[in-house]
Amino acid sequence: MIMAKPKPIEEIINEIKDFNKVLIAGCDGCVTVCEAGGSKEVQVLASALRLFFTKESKRIEIDETSLTRQCDKDYLRELLDKIDNYDAVVSLACGAGVQFMAEMYRNKPIFPGVDTCFIGVTEERGVWTERCQACGQCILARTGGICPIARCSKRMLNGPCGGSEKGKCEVSPETDCGWHLIYERLKELGQLDYFSKPADPKDWVSSRDGGPRKIVREDVRL
Amino acid sequence: MRLRYPSNLKIIRVPCSGRVAIIHLLKALEEGADGVMVAGCLEGDCHYQAGNLRARKRVNYVREILEKIGMEVDRVAMYNVSAGDGPKFADIAREMTEKVKELGPSPIKDAKKLASKKSKVEVAA
Amino acid sequence: MNTITPSKLEKILAEGHFAVTSECGPPRGANGEVVEEKANLIKDHVDAINVTDNQTSVVRLCSLASCIRIKQMGLEPVLQMVTRDRNRIGIQSDILGAASFGINNILCLTGDHQHFGDHPQAVNVFDLDSTQLIQTVKLMRDEGKLLGGFEMKERPKMFIGAAANPFADPFEIRVARLSKKVAAGCQFIQTQCIYNMEKFKLWMQQVRDQGLHEKVAIFAGLTPMKNVGMAKYMKNRVPGIDVPDYIVERLAAVPKEKQADEGIKICVEQIQELKEEEGIRGFHIMAIEWEEKVPEIVEMAGLYPRPKINEN
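This one's a predicted model, so the numbers in the text were calculated from it and none came from an experiment.

Asks: Would you explain the overall build of chain A in this entry?
Replies: The number of helices and strands found in chain A is 8 helices and 7 strands. For a compact globule of 222 residues, the expected C-alpha radius of gyration is about 17 Å, and chain A comes in at 22 Å, more than 25% above that figure. Expressed as lengths along the three principal axes of its C-alpha atoms, the size of chain A is roughly 65 × 45 × 25 Å. Per-residue burial for chain A yields a buried fraction of 41% across its 222 residues. Once local pairs closer than 6 in sequence are excluded, the contacts in chain A between residues at least 24 apart make up 57%.

Pasting the structure below:
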């Protein structure tokens with residue numbers, strides 16, 4: 001899932017301080033799972049903001065809502081009737097949700113309420129880690145199901161580098177060396193052949209920097 | 001035992017301090033409470049294993065929020081007290097009340113221009 | 001042994017001599033003369049001079065410009081190139097630029113993570129890694145092609161090198177990694193600085209077991225210790241470097257003013273010992289900010305004078 005973390009409240013206060021009516025809009029998708037932007041977090045943020053502005057004797061009305069998914073127009077439309085009651089929206093969805101809302105409600109400032117971080121997993125409650133950088137051309141079949149692009153700090157395709165030590169990354173002793181993990185797993189699977197052959201330069205066309213990426217599938221289009 | 005504790009407390013019973021969520025603490029402040037204390041069982045004595053430890057984390061989180069929005073963090077506090085220890089409960093209730101009195105009325109209440117001047121402390125126990 | 005490039009380094013190896021290389025780190029400023037001064041200190045005692053490419057991710061005068069200066073002094077540079085800062089467009093462009101100045105040696109590296117340097121906020125590139133850089137240079141040289149497929153009229157004639165760390169854990173991966181670089185087209189290897197001779201020899205044994213020593217010229221990397229403080233720092237702080245206790249103890253056992261001499265002595269002893277190690281074809285002496293000591297080490301190790309090579 002997409003993992004995010006709450007933005008510092010000072011930052012949000014600074015964005016909305018000059019408005020009169022602000023809607024805090026959560027998303028019941030990924031950001032709910034990582035406890036950064038679901039309805040619970042909306043309540044907490046809204047309450048804290050009300051406390052702050054009340055204390056400062058500023059009259060700002062802060063309302064709360066949460067949508068099933070902000071990356072989906074059908075759900076974003078639920079705000080059609082009420083959006084005009086507000087001067088601005090703080091969206092606690094991931095960066096995609098914030099943008100999609102901004103696209104739909106062009107005359108409203110939409111502010112992000114979370115920092116969107118990565119595609120990852122819940123290791124345990126309160127601990128989330130990255131697994132995928134969405135390069136658009138999955139190579140996991142050849143790397144023992146462990147992605148060197150997401151897991152190696154130099155995204156090497158022929159690792160490990162000379163800096164790994166005792167299975168840890170040179171950048172931080174708290175980070176596992178992705179290539180060490182790959183090697184161990186390939187060994188377990190009897191697939192060390194994959195390790196011994198140099199991987200050719202990767203075609204990054206499907207990855208970052210080509211403008212927004214797009215998938216069109218005629219088989220599922222209406 | 002007929003123990004005296006400050007009469008300005010409003011006690012809210014919960015089955016376990018682990019039931020207290022962040023939003024409950026914030027709401028109490030929003031409603032004008034001058035302070036909120038969570039009285040959980042002694043650490044290690046939670047019937048549900050870690051309810052009181054979670055409560056402490058949430059209290060700490062709320063204190064962080066208060067600091068960031070410029071409110072006195074001591075308006076929210078966590079205490080651990082055994083369910084059978086009435087005198088200790090009375091002690092911490094007095095201690096919390098004193099602490100909050102020193103801080104003065106909540107700026108929220110001031111701002112809301114609430115008529116009542118009486119200090120009110122809500123307790124979740 | 002046939003040579004395939006005009007590289008002097010390649011010729012020296014082909015004639016069966018031990019090769020000697022050293023390195024100089026460019027300054028953190030625009031004064032290119034610093035490079036020339038450093039090169040002058042060592043020019044008669046080494047066959048080629050590596051120039052580091054923003055080592056430890058600290059911005060320095062660029063490796064390519066420094067190599068050009070060295071080349072223009074009539075000396076033999078080894079262009080170190082990391083894949084951290086440039087994508088395949090920049091990398092291939094720099095290789096062509098280097099070749100246009102007659103630079104014929106390249107050392108292909110991935111590079112330290114920017115986290116260690118003076119610009120930890122920078123984005124890294126890593127479009128290629130070191131192994132893929134080797135493949136790229138080989139493709140350009142042997143097939144006259146760029147990665148994009150364009151066929152060049154004039155090919156860069158590079159003698160291709162890479163680094164190897166025989167010490168990084170897990171040990172068993174290290175020879176496999178070397179083998180990958182050799183398969184990619186690497187012709188010479190300069191190792192991480194060696195202090196743990198037992199472990200290094202164990203690595204060499206595995207290299208020989210796989211016959212890699214016949215496919216690639218291995219240069220033993222050596223860095224003389226200036227004092228016991230440096231030994232401790234290298235032992236505890238530098239990732240991937242293995243300094244055994246006996247080295248630290250040996251330096252600590254002599255008075256402070258004699259520690260530098262002891263460090264040089266250790267280095268010379270290592271060279272003499274490694275000359276006997278089958279598969280060692282050269283020595284890469286990295287005297288960090290201590291270039292003036294290189295001639296002394298080379299002479300004491302019996303590697304002086306350097307062979308004269310007919311440029312044609």
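This is not the end of the story, as more comes after the structure.
Asks: Please explain the interface of chain C and chain A as it appears in this structure.
Replies: Quoted interface sizes are often the accessible area lost when the parts come together. Across the contact, 29 residues belong to chain C and 24 residues belong to chain A. Secondary structure elements with two or more residues in the side of chain C that touches chain A: helix H5 (130-143) and helix H6 (171-184) of chain C. Considering every element that reaches the side of chain C that touches chain A, the biggest residue donor is H6(C), with 6 residues. In terms of residue class, the side of chain C that touches chain A is made up of 11 nonpolar, 12 polar and 6 charged.

Asks: Sorry if this is basic, but what is going on with the interface of chain B and chain A here?
Replies: Chain B puts 15 residues into the contact, and the matching count from chain A is 12 residues. For the side of chain B that touches chain A, the secondary-structure elements that each account for two or more residues are helix H1 (22-30), helix H2 (51-68) and helix H4 (107-112) of chain B. In terms of residues, the side of chain B that touches chain A owes the most to one element, H1(B), which gives 6 residues. Tallied by class, residues from the side of chain B that touches chain A come to 10 nonpolar, 1 polar and 4 charged.

Asks: Can you walk me through unusual backbone geometry in this structure?
Replies: Of all residues except glycine, most have a negative phi; of all peptide bonds, most are trans. Between Gly159(A) and Pro160(A) the backbone carries a cis peptide bond, its omega angle lying at 0 degrees. Structurally, Pro160(A) can be placed in the loop between helix H6 (148-151) and helix H7 (178-189). The residue after Tyr304(C), namely Pro305(C), is reached through a cis peptide bond having omega 0 degrees. Along the polypeptide, Pro305(C) turns up in the segment after helix H11 (294-300). You will see that Lys166(A), though not glycine, has its phi angle at about 50 degrees, which is positive.

Asks: Is there a simple way to think about the sheet that holds strand S8 (residues 280-285) of chain C in this case?
Replies: Sheet strands pair via backbone hydrogen bonds, and the direction of the pair is either parallel or antiparallel. An order of S1-S2-S3-S4-S5-S6-S7-S8 (chain C) is seen for the 8 strands of this closed barrel, with the pairing classed as parallel. The sheet shows a mean angle of 30 degrees between the axes of neighbouring strands, taken without regard to direction.

Asks: What is the right way to look at helix H7 (residues 197-209) of chain C in this model?
Replies: The α-helix winds at 3.6 residues per turn, so residues separated by three or four positions along the chain end up facing the same way. Residues and elements named next belong to chain C. With 13 residues, H7 ought to run about 18 Å at 1.5 Å a step, and its terminal C-alpha atoms sit 18 Å apart, in line with that. Every buried residue of H7 is listed here: Phe 200, Trp 203, Met 204 and Val 207. Seen end-on, H7 carries its buried residues on one side only, within an arc spanning 100 degrees. Those residues of H7 that are exposed and angled more than 90 degrees off the buried face are Glu 198 and Asp 209. Buried residues in H7 make contact with H6 and strand S7 (217-222). Following H7 by one or two positions, Gly 211 has its phi on the positive side, about 70 degrees.

Asks: Explanation requested: the confidence of the model for chain B in the structure shown.
Replies: Detailed conclusions should not be drawn from predicted coordinates in areas where pLDDT is low. Residue and element names in this part refer to chain B. With 89% of its residues at a pLDDT of 70 or more, chain B has an overall mean of 89. Per-element confidence in chain B ranges from a low mean pLDDT of 56 for strand S4 (residues 121-124) to a high of 98 for strand S3 (residues 76-80). Taken together, the stretch residues 114-119 has pLDDT below 50 and engages in 8 contacts with residues farther than four places along the chain or on a different chain. Interface confidence for the predicted complex, given as ipTM, is 0.92, next to a pTM of 0.91.

Rules used in this analysis
Residues numbered from 1 in each chain as written. Chains lettered and ligands numbered in written order. Predicted model: local features only at pLDDT ≥ 70, side-chain atom pairs only at ≥ 80, totals over all residues. Helix = DSSP H or I, 4+ residues; strand = E, 2+ residues; numbered from the N terminus. Rg over C-alpha atoms; globule rule 2.2 N^0.38 Å. Buried ≥ 20, exposed ≤ 12 C-beta atoms within 10 Å, placed from the backbone. Contact = placed C-beta atoms within 7 Å. Nonpolar A, V, L, I, M, F, W, Y, C, P; charged D, E, K, R; others polar. Pairing = 2+ DSSP bridges. Axes fitted to C-alpha atoms, helices over the stretch in contact; angles between N-to-C directions. Expected span 1.5 Å × (residues − 1). Arc of directions from axis to C-beta. pLDDT = per-residue confidence, 0-100.

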